[in-house]
Amino acid sequence: MEFINGLYENPKPLTLQEAKDTNLRDILLMRYRVCVVCKKNFDITNEGIFYRCCK
Ligand SMILES: [Zn+2]
């Protein structure tokens with residue numbers, strides 16, 4: 001997996017649970033994530049915080 005500008009370019013957006021299940025040490029370094037609230041995929045470089053894109 002490529003590591004660019006401090007984030008992993010994960011090919012598939014990860015949910016928080018998937019990130020935990022994969023036992024990723026750096027779950028906050030995944031660029032593409034699935035929002036825990038609205039379940040949409042998002043890019044942390046564009047919006048959002050932690051594993052949510054909305055309020
Ligand atoms: Zn959201």
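Going by the structure above, here's the rest.
Residues numbered from 1 in each chain as written. Predicted model: local features only at pLDDT ≥ 70, side-chain atom pairs only at ≥ 80, totals over all residues. Heavy atoms only, no water.

(A) Structural detail: the nonpolar core. Residues L14, L16, A19, I27, M30 and Y51 constitute the largest nonpolar core, which totals 6 residues. Not counting the four nearest positions on each side in its chain, A19 is found in contact with L14, L24, I27 and Y51. (Core = buried A, V, L, I, M, F, W, Y, C linked by side-chain atoms within 4.5 Å. Buried < 20%, exposed > 50% of the residue type's maximum accessible area, 1.4 Å probe, protein only. Contact = heavy atoms within 4.5 Å.)

(B) Here's a closer look at the coordination of the zinc ion. Those donors, C35 (SG), C38 (SG), C53 (SG) and C54 (SG), are the protein atoms that reach the zinc ion, and they lie 2.3 to 2.4 Å from it. One way to put it: the 4 donor atoms around the zinc ion meet at angles of 97 to 123 degrees, and that makes the site tetrahedral. Of note, the zinc ion draws all its donor residues from one chain, in the sequence arrangement C-x2-C-x14-C-C. One end of the pair, C35, is in the loop between β3 (32-34) and β4 (41-43); the other, C54, is in the segment after β4, with 19 residues separating them in the sequence. Taking relative accessible area as the criterion, C35 reaches 1% and is therefore assigned buried. (Donors = N, O, S within 2.8 Å, 3.2 Å for Na, K, Ca; no water. Tetrahedral: all angles 85-135°; square planar, octahedral: opposite > 155°, others 65-115°. Helix = DSSP H or I, 4+ residues; strand = E, 2+ residues; numbered from the N terminus.)

(C) Structural detail: the packing of aromatic side chains. The full count for this structure, using the stated rule, is 2 aromatic pairs. Ring centres 5.7 Å apart and planes at 85 degrees place the aromatic pair F50 and Y51 in the edge-to-face group. Directly above the aromatic system of Y51 lies the positively charged group of R33, at a separation of 4.9 Å from the ring centroid. (Phe/Tyr/Trp six-rings, centres within 6.5 Å; stacked < 30°, edge-to-face > 60°. Lys NZ or Arg CZ within 6 Å of the ring centre and 35° of its normal.)

(D) Local environment of a nonpolar patch on the surface. A cluster of nonpolar side chains, L28, I49 and F50, forms an exposed patch at the surface whose accessible area comes to about 320 Å². Note on placement: F50 falls in the segment after β4. The class of F50 is partly exposed, set by a relative accessible area of 43%. (Patch = residues over 30% accessible without salt bridge, like charges linked within 9 Å, V, L, I, M, F, W, Y side chains within 5 Å. Areas by Shrake-Rupley, 256 points an atom, 1.4 Å probe, with all protein chains shown as cover. Salt bridge = Lys/Arg side-chain N within 4 Å of Asp/Glu carboxyl O.)

Interpretation in functional terms is not warranted from these geometric data alone.
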